[in-house]
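Listed below, chain by chain, are the residues.
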Amino acid sequence: MNLNNKRKKLTVGEEGHLSDLRRGQKCVVLNFHNDNAALRRRLLDMGITKGVTIEIKKIAPLGDPVDICLRGYELCLRRDDMHGIDIKVVK
Amino acid sequence: MICALVGNQNSGKTTLFNALTGSNQKVGNWPGVTIEKKEGTIKGTKISIVDLPGIYSLSPYTQEEEVSRKYCFEETPDLIINIIDATSLERSLYLTTQLLEMDIDVVIALNMEDILDEAGIKIDVDALSKRLGCSIVSISAKKGSGIKKLIDLISSGKYIKNQHLKIYPNDIEDVIQNNIDYFAKDQKFKRFAAVKVIEHDKEYLILENRHNKANVETLEKKYDMDGEQLIADRRYAFIQDLKTDCVKASKRPESLTDKLDRILLNKWLAIPIFIVVMAVVYMLSVGLVGGLTVNLIDMLFNGADVLELSFFQMTWSFEVNFLGLGPWLGSVIVNAGGSDWAVSLVQNGIVAGVGAVCNFIPQIIILFTCLALLETTGYMSRISFFLDRVFHKFGLSGKSLVPFILGTGCSVPAIMSCRTIEDPDEKHLSIILTPFIPCNAKLPIITLFASYFFGTSAWYVSFSLYVFAIVIILLCGVILKHLIYKGHSSTFISELPAYQSPSFSYIARDVGDKTYAFIKRAGSVILLCSVVVWFLGSFTWSMHYIDGVNYAVENSMLAGIGNAFAWVFYVMLGGNYSWAVAVSAIQGLVAKEQVVSSMTVIAGLGDSAAVSDIFASPMFSFFTPWSAYAFMVFNLFSAPCFGAISAMRKELGSFKEMLKGISFQIGLAWVLASIIGGIGWLIAL
């Protein structure tokens, strides 16, 4: 759980993990690396596929979980689960 | 004709189900799992409707999805009513594309709430219907508009039949067709199965063969994605396309929900606001209503000379000299020439037992009203959102804090409030750990022992028990999470629904149903258990009634059973065999207050005696501060009262799970108490 220490601010054009983003940032999903089949499928089902745009909308007061906006709706995820999603910052 | 109602969570599915069925409902559980199963009949027709669990997909990974999939395959309903939340159209249609692959007709109920206009979205329903190849009815589940049209369409049978919409690019459709050609003739839902083969779905692996495997591999190479990813990707691509053609969305302004969340989910304000909200819920259900009604209802059942109503520190006393139902029935029986035991059966067995449980009813009504309010307005989801980080570490959900707080009042409503927790493992764990919180009824035990044995430091001792309970709950959470629920992925995927003004008819119905279910149990199982304990405590093995003159308490069957179980308490009581302690602990199953009153009876004291005289009686004179603390710990952690046990049975979904939970609680209580008592025993040696 030392995700927090590593989290530096990513700027537009940089690549990283979905869990690295801050409130208000936008990104495009590049790829998944995830060995939990159920979680992987669940994320796919929720519309997190390659190329989809995701915006960080709200972050819980204690820093985790995070509310993201994609495909016109909102979804809450734990940072741990967001770590396996590679992204590129677009805003 | 049988319809199945399918849709995402929070899509208005329950509201639509209620609107379609009116009051013709039957609620139970799906076989083998604790997921609620609701069946009903559509108003004014003979069409039965089954409410399937809220799902996002037909993947094989979650219980809800498995139940839904199995139902469609094994029962094959004639029609699926697919409710779609227009505000999250894309994700909802993702499920629709899967439903259309089965060989069942689908009618879409497009739930357009008022929010839609606010959000600036316009949907061309006719175009959408044409592109999907199925009938769509716009409804508002909440307002009840469009429901009649939906019912008419279903009962007339004039909906568009399933056309097996082709949504994939040609190369994928070719592979699907190829898979279908290789299937056995009796393969059910061929198109669905063919797609599942591409997805490498674990339940369709047997359909994989040399041919289709090679085909799928070619596709995977071409698109640079594995089959599962490919199918999800193409479904969403199709929906994206659909949306461009049929939906006009203007730039949405910051919604009221976002504005409210700025305050309610604010870094600094969220927790204080939550504390205030919980304090209000607690004050209403446990403090105000509990304090005002517990003695009142007790008076109605058992009679009282003085009625004490309390509100926190304030207490009002009234001279009432009310006879009460039990004593009144008793006098009726005496006048009719009934025997002493008959009077006792009615008064102490039936009325007192049921009364002990009915004390909780007003609290339960208020509590459920508060919970339904928090839930329907959307605040409950925020609670689990911002507390998740803390509780997740202990195998619990953010929502577990609700039962733990309510548990300081009464375990019964607390255990029932666990049903708002979505994750089955987290719910399970919360139900089993909630009774560890010292409830109101355990206070008399703590007060009695602490004040007698620890004098001026009684306050610290009582407080230490609360701390002890919290530490044990968190420890158990961590340990059970790693031992029992290991390997289960408890992933937090949830939504923050838009804030809504609550629907009062929905709340009234919800509260009514839950309260009725509770009363029904109080009248059956709990009544039976109370009567059994009364019977064992009131008769000798040779069936002589214990009248306190010819036969004393130590001759009762309960004392015999107490003797048989006295060894259990041997270590924690510092090396003493005591049937009296065992009997008191068993009596605690009826209600925890009974532990103290049972000790009073066994010590041979009347109503007027000071309870601290208990420890002067030879029956209990062996207690030391160590064994007193050990006994308090045992009562704190061991099986709760019948009321709470029956709530556990209901929420855990099966008798077996309840038994496991109770055994765990008793086992833990015994180990902890024996360690404490044992240390005291060693020191004294």
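Structure's up top.
Overview of the structure. (Residues numbered from 1 in each chain as written. Chains lettered and ligands numbered in written order. Predicted model: local features only at pLDDT ≥ 70, side-chain atom pairs only at ≥ 80, totals over all residues. Heavy atoms only, no water.)

**Brief notes about the overall build of chain A**
Here is the rule we go by: Numbering of helices and strands runs from the N terminus, with a helix taken as a DSSP run of H or I at least four residues long and a strand as a DSSP run of E at least two residues long. Using C-alpha atoms as the atom set, the radius of gyration is obtained and then compared with a globule rule of 2.2 Å times the number of residues to the power 0.38. The buried label applies to any residue whose accessible area, calculated with a 1.4 Å probe on protein chains only, is under 20% of its type's maximum; exposed applies above 50%, and partly exposed to all values in between. Whether two residues touch is decided by their heavy atoms; if any such pair falls within 4.5 Å, the residues are in contact.
If you tally the helices and strands in chain A, you get three helices and six strands. Radius of gyration (C-alpha) of chain A: 12 Å, near the 12 Å computed for a compact globule of 91 residues. Overall, the C-alpha framework of chain A stretches about 30 × 25 × 20 Å when taken along its three principal axes. A total of 91 residues make up chain A; the buried ones form 55% of that total. Taking as baseline every contact in chain A between residues at least 6 positions apart, the subset at least 24 positions apart corresponds to 56%.

**Some remarks on the side chain of Arg 78 of chain A**
Put simply, the test is: Any N or O atom pair separated by 3.5 Å or less is treated as a polar contact, with the protein-specific requirement of one donor-capable and one acceptor-capable atom, and with residues adjacent in sequence counted only for side-chain atom pairs.
Structurally, Arg 78 of chain A is set in the loop between β5 (73-77) and α3 (79-82). Side chain to side chain, Arg 78 of chain A and His 392 of chain B meet in a polar contact 3.2 Å long.

**Some details on the packing of helix α26 (residues 625-637) of chain B against helix α28 (residues 655-684) of chain B**
Residue and element names in this part refer to chain B. To keep things clear, this is the line we draw: Here an axis means a line fitted to C-alpha atoms, over the contact stretch when the element is a helix, while the angle between two N-to-C directions is reported on a 0 to 180 degree scale. An angle counts as roughly parallel when it lies under 35 degrees, as roughly antiparallel when it exceeds 145, as roughly perpendicular when it falls between 65 and 115, and as oblique in every other case. For this classification, Asp, Glu, Lys and Arg are treated as charged, while Ala, Val, Leu, Ile, Met, Phe, Trp, Tyr, Cys and Pro are nonpolar and the rest, including Gly, are polar.
Axis separation between α26 and α28 bottoms out at 8 Å; the angle between their running directions is 175 degrees. Taken as axis vectors, α26 and α28 run roughly antiparallel relative to one another. Here α26 contributes Trp 626, Tyr 629, Ala 630, Val 633, Phe 634 and Phe 637 to the contact with α28, which in turn contributes Gln 665, Ala 669, Trp 670, Leu 672, Ala 673, Ile 676, Gly 677, Ile 679, Gly 680 and Ile 683. Tallied by class, residues from the contact of α26 with α28 come to 13 nonpolar, three polar and no charged.

**Some remarks on unusual backbone geometry**
A cis geometry characterises the amide bond from Asp 64 of chain A onward to Pro 65 of chain A, with omega recorded as -5 degrees. Of note in the backbone geometry, His 164 of chain B takes a positive phi value of approximately 45 degrees without being a glycine. Along the chain, His 164 of chain B falls in the loop between α6 (147-156) and α7 (170-182).

**Structural notes on the pairing of strand β4 (residues 66-70) of chain A**
All names here are of chain A. The condition is simple: One requirement defines pairing of two strands: DSSP has to find at least two bridges between them.
With four of its five residues buried, β4 lies for the most part within the structure. Pairing between strand β3 (residues 53-59) and β4: four bridges, direction antiparallel. Across the sheet, the residue bridging to Lys 58 is Asp 67, located in β4. Between β3 and β4, which pair antiparallel in sequence order, lie six residues; one of them, Gly 63, sits at a positive phi of approximately 95 degrees. Joining the antiparallel neighbours β4 and β5 is a turn of two residues, in which Arg 71 adopts a positive phi near 45 degrees.

**Concerning the pairing of strand β4 (residues 48-51) of chain B**
Regular strands show a simple pattern: their side chains alternate between the two faces of the sheet. Residue and element names in this part refer to chain B. By the bridge criterion, four bridges tie strand β1 (residues 2-7) to β4 in an arrangement that is parallel. From the neighbouring strand, Leu 5 faces β4, where its bridge partner is Asp 51. Sheet topology note: the strand β3 (residues 36-41)/β4 ladder contains four bridges and is antiparallel. Pairing of Thr 41 across the sheet is with Ser 48, part of β4. Hairpin remark: β3 followed by β4, antiparallel, with six residues in the connecting loop; positive phi at Gly 44, about 75 degrees.

**Remarks on the nonpolar core**
Residues and elements named next belong to chain B. The line we're drawing: Put simply, a nonpolar core is a bunch of buried Ala, Val, Leu, Ile, Met, Phe, Trp, Tyr and Cys residues held in one set by side-chain atoms that sit within 4.5 Å of each other.
Judged by nonpolar contacts, the single largest core of 118 residues is most densely connected at Phe 449, Phe 569, Phe 615, Phe 620, Phe 623 and Phe 637. Excluding anything up to four places from it in sequence, Phe 623 contacts Phe 449, Phe 453, Leu 573, Val 581, Met 599, Phe 615, Ala 628 and Phe 631. Among the nonpolar cores identified, the runner-up in size contains 87 residues, and Trp 30, Leu 132, Ile 180 and Tyr 236 belong to it.

**A closer look at the interface of chain B and chain A**
To keep it simple, the criterion reads: The term buried area refers to how much accessible surface (probe radius 1.4 Å) is lost by two components on association, counted for both of them together. Salt bridges are identified by distance alone: a Lys or Arg side-chain nitrogen within 4 Å of an Asp or Glu carboxyl oxygen.
Chain B puts 47 residues into the contact, and the matching count from chain A is 39 residues. Between chain B and chain A, the buried area comes to about 3,700 Å², and carbon and sulfur atoms account for 54% of it. For chain B, the biggest contributors to the area lost against chain A are Phe 385, Arg 389 and Ile 493 of chain B; these three give 19% of the whole. Put simply, chain B and chain A have 10 salt bridges between them. For Asp 258 of chain B, the salt bridge is made with Lys 58 of chain A, and the minimal N-O distance between the two is 3.2 Å. For the interface between chain B and chain A, the tally reads 15 residue pairs in polar contact (both at pLDDT 80 or more).

**Things to note about a nonpolar patch on the surface**
Operational definition: Candidate patch residues must exceed 30% relative accessible area and have no salt bridge, after which like charges are joined if within 9 Å and Val, Leu, Ile, Met, Phe, Trp or Tyr side chains if within 5 Å. Areas reported here follow the Shrake-Rupley algorithm with a probe of radius 1.4 Å; residue values treat only the protein chains shown as occluding.
Nonpolar side chains collect at one region of the surface, where Trp 459, Tyr 460, Phe 463, Val 467, Val 471, Leu 475, Ile 479, Leu 483 and Ile 484 of chain B lie side by side and expose about 960 Å² of accessible area between them. Assessed through its relative accessible area of 59%, Trp 459 of chain B is described here as exposed.

**Considerations on the sheet that holds strand β2 (residues 26-32) of chain A**
Residue and element names in this part refer to chain A. Strand order across the open sheet formed by six strands is β1-β6-β2-β3-β4-β5, with antiparallel pairing between neighbours. Here the strands that pair on one side only, and so sit at the sheet edges, are β1 (15-17) and β5. The average angle at which neighbouring strand axes cross in this sheet is 40 degrees, direction not considered.

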